[in-house]
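# Close look at the chain arrangement
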Amino acid sequence: MAKTNAIGLTIADYKGAPTTLCQGCGHNSIISQIISAVFEENLPPESVVKFSGIGCSSKAPTYMLGRSFGFNGLHGRMPSLATGALFGDLSLIGIGMSGDGDSAAIGMGQFKHIIRRNMPLVYIVANNGVYGLTKGQFSPTSDRGLKLKKQGVNPFEPVDICMEALASNATFVARSFAGDPKQVKTLIKAAMHHRGTAILDIISPCVSFNNQPNATHSYEWGKKHEVILHDMQFLPNAKEIMLEGEMEPGEVREVTLHDGSAIVLKRVDRDYDPTDRFAAIRALEEAKQKHILLTGLLYIEPDRPALPDLYDLPTDVPFNRMPQERLRPSPDTMQTVNDLMF
Amino acid sequence: MAKTNAIGLTIADYKGAPTTLCQGCGHNSIISQIISAVFEENLPPESVVKFSGIGCSSKAPTYMLGRSFGFNGLHGRMPSLATGALFGDLSLIGIGMSGDGDSAAIGMGQFKHIIRRNMPLVYIVANNGVYGLTKGQFSPTSDRGLKLKKQGVNPFEPVDICMEALASNATFVARSFAGDPKQVKTLIKAAMHHRGTAILDIISPCVSFNNQPNATHSYEWGKKHEVILHDMQFLPNAKEIMLEGEMEPGEVREVTLHDGSAIVLKRVDRDYDPTDRFAAIRALEEAKQKHILLTGLLYIEPDRPALPDLYDLPTDVPFNRMPQERLRPSPDTMQTVNDLMF
Amino acid sequence: MSTQSPTSSGTVVNDFSITVGTVNGTGSQTSNLTILRAIFKMGIPVQGKNIFPSNIQGLPTWYTIRINKDGWLARREEHEIVIAMNPATVKEDMEKVVPGGALFYADHIKLPIERDDITTYPMPVKKLARQSGAPAKLRDYVANMVYVGVLAQMIGIDMDKIRAALDFHFKGKESPINLNMGVIEAAAEWAKENLEKKDPYILEPMDATKGYIMADGNTAAALGALYGGVQFVAWYPITPASSLVETMNQYIPKLRKDPKTGKNTVVVVQAEDELAASGMAIGAGWAGLRAMTSTSGAGISLMSEFFGLAYYAEVPIVVWDVQRGSPSTGLPTRTMQGDITQVAFISQGDTDSIMLFPRDAQEAFEFGWRAFDYAERLQAPVFVMSDLDIGQNQWMVKPFEYPDEPMDRGKILWEEDLEQWEKEGKVWGRYLDVDGDGIPYRTVIGNKHPKAAYFTRGTGHDEFARYSEDPEVWVRVLKRIKKKYETARHILPKPVLESAEGAPFGIISFGSTHPAIQEARHYLKEEKGIATDYLRLRAYPFADEVRDFIADHEKIYVVEMNRDGQMRQLLQLFVPDMADRLISVAKGDGLPLTARWIMNTILEMEEE
Amino acid sequence: MSTQSPTSSGTVVNDFSITVGTVNGTGSQTSNLTILRAIFKMGIPVQGKNIFPSNIQGLPTWYTIRINKDGWLARREEHEIVIAMNPATVKEDMEKVVPGGALFYADHIKLPIERDDITTYPMPVKKLARQSGAPAKLRDYVANMVYVGVLAQMIGIDMDKIRAALDFHFKGKESPINLNMGVIEAAAEWAKENLEKKDPYILEPMDATKGYIMADGNTAAALGALYGGVQFVAWYPITPASSLVETMNQYIPKLRKDPKTGKNTVVVVQAEDELAASGMAIGAGWAGLRAMTSTSGAGISLMSEFFGLAYYAEVPIVVWDVQRGSPSTGLPTRTMQGDITQVAFISQGDTDSIMLFPRDAQEAFEFGWRAFDYAERLQAPVFVMSDLDIGQNQWMVKPFEYPDEPMDRGKILWEEDLEQWEKEGKVWGRYLDVDGDGIPYRTVIGNKHPKAAYFTRGTGHDEFARYSEDPEVWVRVLKRIKKKYETARHILPKPVLESAEGAPFGIISFGSTHPAIQEARHYLKEEKGIATDYLRLRAYPFADEVRDFIADHEKIYVVEMNRDGQMRQLLQLFVPDMADRLISVAKGDGLPLTARWIMNTILEMEEE
Ligand SMILES: Cc1ncc(C[n+]2csc(CCOP(=O)(O)OP(=O)(O)O)c2C)c(N)n1
Ligand SMILES: Cc1ncc(C[n+]2csc(CCOP(=O)(O)OP(=O)(O)O)c2C)c(N)n1
Ligand code: SF4
Ligand code: SF4
Ligand SMILES: [Mg+2]
Ligand SMILES: [Mg+2]
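Residues numbered from 1 in each chain as written. Chains lettered and ligands numbered in written order. Predicted model: local features only at pLDDT ≥ 70, side-chain atom pairs only at ≥ 80, totals over all residues. Heavy atoms only, no water.

Residues and elements named next belong to chain C. A grouping of Lys126, Lys127, Arg130 and Arg139 is seen on the molecular surface, where their side chains present a positively charged patch. Ranked by the residues each element gives to the positive patch, the list is headed by helix H3 (residues 125-131), at three residues. Residue position: Arg139 is located in helix H4 (residues 139-156). (Patch = residues over 30% accessible without salt bridge, like charges linked within 9 Å, V, L, I, M, F, W, Y side chains within 5 Å. Areas by Shrake-Rupley, 256 points an atom, 1.4 Å probe, with all protein chains shown as cover. Salt bridge = Lys/Arg side-chain N within 4 Å of Asp/Glu carboxyl O. Lys, Arg positive; Asp, Glu negative; His and termini not counted. Charge placed at Lys NZ, Arg CZ, Asp CG, Glu CD. Helix = DSSP H or I, 4+ residues; strand = E, 2+ residues; numbered from the N terminus.)

Now the structure itself:
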């Protein structure tokens, strides 16, 4: 019998339609990690809502969480759809899938502004440095000097998704690599518990159009150049914090999230403080100089108010189930209003 | 008789229609400095082309350089219009006027992407932290905590135009203050000679909607809190560099631009290297912490190729004057092409 | 036109127009509204129209107040009384005055009086402003109160009513009320002593505004939406739509506190642009919230792609288009009905649109709440096509009426419904036409039933919301959607018909042209003896009654405020067999149509 | 339909269709194009249509090759030969085969042959691929060459022609040519030894393709633009428009080196989105460059606001709309003529649009260069309404013809012109209608004459480009612009008329439906004895000839590929007096129309 999670569901309950992405596409492995993360977190699939723009990456939601609602929107417009939709029932968790073209080209504005509003959303940029679905044009994250078949050589400095997020004062910024599934999964779990927009820039190779060994978005380059900031663990309940066997005090940092869950970060090379925004910027700059793929939780600010916190909304019932009596002003107000008109 | 410049024009030749902006609007003083800068640089007005989006700030081009071509475009879309238009005659200088709403809200994408392309343009964001023309709504650069009449209190972290420019690898980033006309003028001169997109974030108070003394976009706040990074001088011809009387060697930095002109920066408090991108980011962070209005040339990279450099275009004649013989392939190519069709 | 024949005593009572020419940004709006409201309080039918420039301060601006005892309140082109406060326009302002009319002007304006057919009244504006003791920075503002006082004295506006107007404006705050009242009274006193009444225009109290309120359409729309139970609003500022949501923000604390928890039940987000505003609203509508956005022309263009998604994915959303002078950025502070065909054919591919056309502030309120019922019932975008004239000007209308129908949330299935369906062996598919009306059933997020979820997309999909590129599926789904719009025709507000005996032709119109049409019809009847039938459209796609009306007339004038006769085009497509009966009477110059222009244009066409 | 009656020898020669079902992303396009080209080289009229999914790899895809000795090359619904390479679709593929037809299938597919009315040929695809010695990662690809070889043997495709096709495809590179040729020959050899020909379909060389080329419309458009002297292109990738600019990039080094300096004379910018792409192109057009963008439905929607600006500020720009299945994201890899009314009424306010409707790759080339002449002459956006079928499929067309007219740069004034005007005492104003054709004169940046500059805006402006809110100025300028579109009607490509003796009705169509229309007309005549008149539209706004054609017929069928009969709507608005003569024959299911469907639909309507 298939393994069940704490709420009695099997992994099959979290699957979606069979993928139509290319074999080996990084996006497929992100899909798998999302499925595992939601399964392992014991969340009913109905408590997750999927969003995406347009692109191969944005097709991903079809191939996971078939029992979750999903909205595959317009190119570059995932953030706005998600923002509006999640107000429908603020108890749900939103997962947004986007691509580097979707978020850094046509969607740059919405990407920056959902961050500014800190709308709770697991915002994944499946970053392959290329336009997959339209067959291999440069995206804004393409390497400078990258050569693509029909496009020539890219002369532009790439957009750095994490740097952009930090510049916009994002409250959760991480970089990962589809070739590092464990880290991807841990980050997704943490992101689902973060109260705010969680930006996950996941390098996700496009095997059809941008997987040359020298491309920084390729498997080979990633495998060779990945450097992790820290070993990560996510603990759904902070009270239960049990350090992994070998961990010694001082080697470990712990970030507690608004719901009592915690991220535990074990030192690898150097001590890295993920609540220091400026340190995060410096780390990105250094990684660029050193030509490495620096992955991990770059920055987190667990306590900034999220967008819904700015409205004093009832919490006893989901907003989309609120009955007429609570939405329509009572008849006696009509006279008062008319009086106000002069 | 009115004073004439080296090409025999008077300041009147550089004026535009009378302003219809509010009396005291910061944008008016930016207009004056643009007029002076072009006059003093001895540029024929016909060699400048004006662009703008929509907003009070974007109306400004009407009120200056009446003998220059101008295009008052769409809200947030100045960068794209300017990019296309300037290819018409690459010998001309483009000045783009935008607002904080125009560039940081609806225009965020174009703002970021013109920077990425490094299209030569003096890109001025007349930043008043408010929507002037639509009568006082919050803009993305409004202070967190700002209270406006019909809008309540702004809960969001402001967009920092300079930080955004740096995150996008801009090659020229400066902040100034409409209340500091001399610096504004010097920066405009330097920007006109920069080969690439020059971002000038000029704090430009809106006296009608956002000039409360505690607003960081007000005259009062700016006057009180302005700290300059350096004393600036612009020398159209670097060979002529003549340090101002009191300057001593070591106190001065000099940046030479592609055309042989130079910016001379005199140390004020500390030594600041405007070619160090990371230092610029740090300076912005510190200014934010210290609650000061840090002005001056934050960053410059004079040598990155500009967009037109990426195309190997003829330079003997402006592109928009190129005759048919040079544009239409010769008749004998037709057969070859048809043969290529199979 | 309106006759203005002096009474026996040589006076013209309650039947004239006042135009005030000032500089914008000087607070003259308060003065003008005070005059308007005071007259209204005197029981005299009155309407104000603001003709203002697209800037903030320092440019010429005009405010026209029409006073008409018979209740004809459309814009007129004649100005009996002109108040000239702006040196830059005083010459043209003087020329505006009708022969026999009066010109009031600030006496610091050097004005060679070139006309001897009008009365001129200089006003010592600066002096009186100085004497008011108001602080220097308020001088301009106070100067504008001077003309209120002088005018009040000269045409007979009740001082009590003026105080009532100020009291309303300043929400009862004593100090500004007293400051202003002081200036007004001093000015009136001055006028009484120094000016001799020579023009014939005077006011006399009536009882004709009882049972009416004064409201602008944007306020009405905001209130209507709040009574409609709107839950989510995303917007981006744009003239002349901004005040719609801004006003809503003001009323939310008063009207939308949850009776159970005391918390708010509306979320308003100022988006970063119109693309995001429409995206957020569509997201919210999809999630089961009553969602809307409000914008004007440029915003509609930017939202085009999203409207196509909402159309094809069948998401309810209400869109207020407060139309302004277009194409392009056009005349942002002028009115027009210019976005009709654009909206009808919005977005790539075959689409359909639902449009509502409110007549005035009162209907703006009504459509404000009803629009959500239509959107949720039909699972489609509903466009409310208002305009600047409706939205920003004060309209004398019947009081807003509390919704006479419960909220129609449309076909939503919750957990228990799905269980029930399962029990009954009924199959649910998001895009299945179960009832034969083209409208499928939908579920929304948070529904915990394991079969509730579906995947929404703008790409081809079948009845179960599954991705599909099958040509037959594609055609089937789009045909079914078309059926929904056929259903819409029967649900939406019917046109309003006014018939007259022996009418030689019909008139079709919609929206803010209504008062001008009615007035034109009145003159046609009274002065030319021509009775007319009139059909006022209230919705698109058109109801059968529209076809009937056209069938009943050999000739129909379609009156509208644009260049191309856009509504006529839609009507021609609706009745191709009678397309040539429809004659366009169209002008889009940024100003509300006048009865005189409508009548003359029709008469000219009749002669041809 | 096409008769396929066997010859005396029992064979059907040069008159059948082949459909290949494969998995996309496996390189089958090379195989299919090889077949197509080899047949073309045999002198036999042939056309290929690709029916592919909207993803990159692993989904079913079909390629249909129609072979017709009489030159009827529209899509057909009958498949005489089916090649089934995809296990996922083999069952439906088998059902597609017409009785008497043939099914070739990869023999590793477990296929219960359920039909005895067709011939089936198993192909040892894997074995032959293995034997080819090709590296493992090329196996799928090589497997597709197997069917080329087998088919070649069984229907008689010339091996020399296949080599010629491969030579072309691989630009003469020996090693891939030899690899592929090896597989094909081995497969042919195998077929020769192991299969017995039982179906009747064979090819015989002809001489009917001499004087023709094979080209796709996007390539043709790209070349047309290059010959049109395009200087600035901004675009954003979108199916099916992307290959237009990508192809252009390939040809620029060949065709657009400045003869004087050897440098490039075209700038191509990949923008960050469609808003920016249109903005850049409009900027460039404004600055005096020949500027264009290329996109599909969603892009058109996003560009709406900018088109309104270009309309009202009068900026020349060429827009290629390679239409695909819509509304919304729709069917991105299918064809449609669905953006017609949207473009006609694009952007807020009263606007007009110029559209060109190319018939095929050849006209795409011609309109490719002409569009710039129209845009610059008329100072307006010109939309070239192509579609996926034209753009991405190979069309057998007459060779491209070198432009027979010099570039028309329109009314541009340079320094010396302005001096001349001044001398002659002529006044220049950017928006003055000097010639009475509604088209003003313009200057562009870089013009050093001190009076050359003007300020362009989307807000109200007068004839001298000065800001204006004056109602009369507004109306005057918009009327004058309208006149420009009246002028356009007389300049744009005329419709093409084909009349027949005694035609009981007319047909109007446009664009890629042309071959199907012609074929349908042929059958109507041959099989039903019904002669038809046919007007092929090439431009909007419509020329007078269109009105004449409608006037000449009691009944006109308007054939198009969409749901709502969009072109018919525009025609109805053009001739309201004859609106009811126009009958819509419309289908938008994503596939090119077939002659059979057109004929049957018309016949059904005739019976009604
Ligand atoms: C408005 C609009 N423009 C263009 C497209 C075409 N388009 C589809 S996906 C895509 C790019 C996708 O790139 P990315 O977001 O990086 O996703 P990937 O396919 O690489 O995962 C584009 C341009 C579209 N669907 N909509
Ligand atoms: C597409 C579009 N949306 C909205 C508007 C309305 N609008 C005009 S100016 C403006 C904001 C201007 O703010 P900013 O750029 O900061 O300029 P400022 O007036 O403050 O100088 C807006 C929203 C518009 N013109 N176009
Ligand atoms: S094309 Fe690239 S991004 Fe798209 S599915 Fe294939 S590998 Fe993934
Ligand atoms: S409203 Fe503000 S930004 Fe606009 S002109 Fe006045 S002061 Fe300047
Ligand atoms: Mg990508
Ligand atoms: Mg501003």
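Here the narrative resumes, following the displayed structure.
Close to ligand 1 lie 24 residues; Cys56(A), Ser57(A), Asp100(A), Asp102(A) and Glu274(D) are nearest. More than one chain approaches ligand 1, the contributing ones being chains A, C and D. In this structure, an oxygen atom belonging to ligand 1 sits 2.7 Å away from a side-chain N or O atom of Asp100(A). A distance of 2.9 Å separates an oxygen atom of ligand 1 from a polar atom in the backbone of Val130(A). For ligand 1, the accessible surface in isolation is 590 Å², of which the surrounding protein chains cover 98%. Considered class by class, the residues forming the shell around ligand 1 number eleven nonpolar, nine polar and four charged. (Near = heavy atom within 4 Å. Polar contact = N/O pair within 3.5 Å; in protein donor to acceptor, adjacent residues only side chain to side chain. Nonpolar A, V, L, I, M, F, W, Y, C, P; charged D, E, K, R; others polar.)

Moving on: the coordination of the magnesium ion (ligand 5). Six octahedral donors around a metal ideally sit at 90 or 180 degrees from one another, while four tetrahedral donors ideally sit at 109.5 degrees. Surrounding the magnesium ion (ligand 5) are the protein donor atoms Asp100(A) (OD), Asn128(A) (OD1) and Val130(A) (O), at 2.1 Å. Taken in chain order, the donor set of the magnesium ion (ligand 5) reads D-x27-N-x1-V. (Donors = N, O, S within 2.8 Å, 3.2 Å for Na, K, Ca; no water.)

All names here are of chain B. The sheet built from three strands is open, its strands ordered E12-E14-E13 with antiparallel pairing. Both edges of this open sheet fall to strand E12 (230-235) and strand E13 (252-256), since each of them pairs with a single strand only. On average, each strand axis in the sheet is tilted by 20° relative to the strand beside it, whichever way the strands run. In this structure, E13 lies alongside strand E14 (residues 262-267), joined through five bridges in antiparallel fashion. Residue pairing for E14: Thr256 is matched across the bridge by Ala262. Sitting on the sheet, helix H7 (residues 181-193) touches E12 and E14, and the angle it makes with E12 is about 50°. (Pairing = 2+ DSSP bridges. Axes fitted to C-alpha atoms, helices over the stretch in contact; angles between N-to-C directions. Contact = heavy atoms within 4.5 Å.)

Let us look at the domain arrangement of chain C. Residue and element names in this part refer to chain C. Domain assignment breaks chain C into domain 1 (12-202), domain 2 (215-397), domain 3 (415-479) and domain 4 (496-607). Relative to domain 4, the C-alpha centre of domain 2 lies at a distance of 27 Å. Listed per partner, the contact involves 24 residues of domain 2 and 25 residues of domain 4. Each partner contributes to the roughly 2000 Å² buried at the junction of domain 2 and domain 4, and carbon and sulfur atoms together form 60% of this total. (Domains from an automatic or database assignment. Buried area = accessible area lost by both parts, 1.4 Å probe.)

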